[in-house]
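If you want the building blocks of each chain, they are given just below.
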Amino acid sequence: MQIKNEIIKKVQEAKWFSIMADESTDVGTKKQMALCIRYVDRTATVFEDFIGFIEMEKVDAESIAIAIVNYVQECGLNMDNLRGQGYDGASVMSGNISGVKARIQQIQPKAYYHHCRAHVLNLLVATSCKALPEIRNLFDSVSQLTWFLGGSAKRMAIVSRYLSGDDTDKLVISGNNDDEPMLSDTLIEKAGKKHLKFKNCAKHVGQQKLIRCL
């Protein structure tokens, strides 16, 4: 709360600000909207700060617009000083007639809408990956592997047991050559051979080694 108050104080000193929002469903199946604020201080430094989550019962344009306006006002910010909106390109958010941007512009016409550049980049990367079979197959394999391991407490326990220490290499043994390691003879391999067929994939995620699999 103290950090949030400090951010709001800086925004009030800067006067003009923009908002960025995106909605998502968490693992508890609750719909939440993250709200961030963008402003420029007196030193001409641009800031983008997270100010809170808003729990949403409905995610239609009217409900989202009302939630954003109410939250901004609860933070002590004046909607008259709003100068920009940044959302994804979904019609609910960007619709010119009844979208969130249009509803907020009814309150503050100077709050111009910009398609979030992070979303644009994400769409570009996703589309590009689908056009390349190697990358598409890699992500497909990683997705299936994640689903396969996460769908069983026993399989997750096996992985966690090895990843919790320094012996992650026990999950992998040498195959026919050094460039083609294969899964060790564990329950994961036995179950994987029965249910899933993976192409070779290998990634390092932090200190955790993502298994190269068949």
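Residues numbered from 1 in each chain as written. Predicted model: local features only at pLDDT ≥ 70, side-chain atom pairs only at ≥ 80, totals over all residues. Heavy atoms only, no water.

If you look the protein up in an unreviewed UniProt entry, it shows as DUF4371 domain-containing protein from Mytilus edulis.

### Some thoughts on helix H4 (residues 100-107)
In an α-helix, one full turn covers 3.6 residues, which means residues spaced three or four apart are oriented alike. Of the positions making up H4, those classed as buried are Val100, Lys101, Ala102 and Ile104. Buried positions along H4 lie against strand S1 (17-25), helix H2 (61-74), strand S4 (82-87), helix H3 (91-94) and strand S5 (112-115). (Buried < 20%, exposed > 50% of the residue type's maximum accessible area, 1.4 Å probe, protein only. Helix = DSSP H or I, 4+ residues; strand = E, 2+ residues; numbered from the N terminus. Contact = heavy atoms within 4.5 Å.)

### Describing the packing of aromatic side chains
Per the stated rule, a full pass over the model turns up three aromatic pairs. Its guanidinium or amino end placed over the ring of Phe47, Lys10 lies 5.9 Å from that ring's centre, counting from NZ or CZ. Above the plane of the ring of Phe148 lies Arg155, whose end atom (NZ or CZ) is 4.1 Å from the centre. (Phe/Tyr/Trp six-rings, centres within 6.5 Å; stacked < 30°, edge-to-face > 60°. Lys NZ or Arg CZ within 6 Å of the ring centre and 35° of its normal.)

### Quick word on unusual backbone geometry
Positive phi, normally seen in glycine, also occurs at Lys15, with a value near 75°. By the element assignment, Lys15 lies in the loop between helix H1 (2-14) and S1. A relative accessible area of 42% places Lys15 in the partly exposed class. In this model, Ala44 sits at a positive phi of 65°, which is unusual for a non-glycine residue. Relative to the helices and strands, Ala44 resides in the loop between strand S2 (31-40) and strand S3 (46-56). Exposure remark for Ala44: the relative accessible area of 61% places this residue in the exposed category.

### Considering the layout of surface pockets
Space left empty within the atom packing is revealed by a probe, the size of a water molecule, rolled over the atoms. If you add up the space inside the second largest pocket, you get close to 180 Å³. Every element with two or more residues in the lining of the second largest pocket is listed here: S1 and S4. Counting residues per element, the lining of the second largest pocket draws most heavily on S4, which supplies four residues. Split by residue class, the lining of the second largest pocket holds two nonpolar, five polar and three charged. (1 Å grid on protein atoms, 1.4 Å probe; cavity = no way out; pocket = protein on both sides within 12 Å on 5 of 7 lines; lining within 4 Å. Points joined across faces, edges and corners; volume = space filled by probe spheres on them. Nonpolar A, V, L, I, M, F, W, Y, C, P; charged D, E, K, R; others polar.)

### With respect to the pattern of salt bridges
Note on pairing: side chains with opposite charge can pair once their charged atoms come close. Scanning all chains against the criterion turns up two salt bridges. A salt bridge links Lys31 to Glu23; the shortest N-O distance between them is 3.9 Å. Measuring nitrogen to oxygen at the nearest pair gives 2.1 Å for the salt bridge that ties Glu48 to Arg38. In this pair, Glu48 sits in strand S3 while Arg38 sits in strand S2, placing the two residues 10 residues apart along the sequence. Given a relative accessible area of 36%, Arg38 falls into the partly exposed group. (Salt bridge = Lys/Arg side-chain N within 4 Å of Asp/Glu carboxyl O.)

### Concerning the environment of Asp80
With respect to the helices and strands, Asp80 occurs in the loop between H2 and S4. The sequence separation of Asp80 and Phe17 amounts to 63 residues, and the corresponding C-alpha distance is 9.9 Å.

### Focus: the state of the cysteines
If you walk through the whole model with that rule in mind, you get zero disulfides. With no disulfide of its own, Cys36 lies closest to Cys116 among cysteine sulfurs, the gap being 9.4 Å. (Disulfide = S-S within 2.5 Å.)

### Overview of the pairing of S1
In the sheet, S1 pairs with S2 via nine bridges, with the strands oriented antiparallel. Looking at S2, one finds that Ala21 is bridged to Leu35. Two elements, S1 and S4, share four bridges in a ladder whose sense is parallel. By the bridge assignment, Phe17 is partnered in S4 with Leu82. (Pairing = 2+ DSSP bridges.)

### A closer look at a nonpolar patch on the surface
Taken together, the side chains of Leu121, Leu124 and Val125 present a nonpolar region at the surface, about 280 Å² in accessible area. Along the polypeptide, Leu121 turns up in helix H5 (residues 117-131). (Patch = residues over 30% accessible without salt bridge, like charges linked within 9 Å, V, L, I, M, F, W, Y side chains within 5 Å. Areas by Shrake-Rupley, 256 points an atom, 1.4 Å probe, with all protein chains shown as cover.)

### Quick look at the packing of H2 against H4
Where H2 meets H4, the closest approach of the two axes is 8 Å, and the angle between their N-to-C directions is 45°. Taken together, H2 and H4 sit at an angle that is classed as oblique. Handedness of the crossing formed by H2 with H4: right-handed. For the pair H2 and H4, contact is made by Ala61, Glu62, Ile64, Ala65, Ile68 and Val69 and by Val100, Arg103, Ile104 and Ile107, respectively. Classifying every residue of the contact of H2 with H4 gives eight nonpolar, no polar and two charged. (Axes fitted to C-alpha atoms, helices over the stretch in contact; angles between N-to-C directions. Parallel < 35°, antiparallel > 145°, perpendicular 65-115°, else oblique. Left-handed = near helix turned anticlockwise from the far one by under 90°.)

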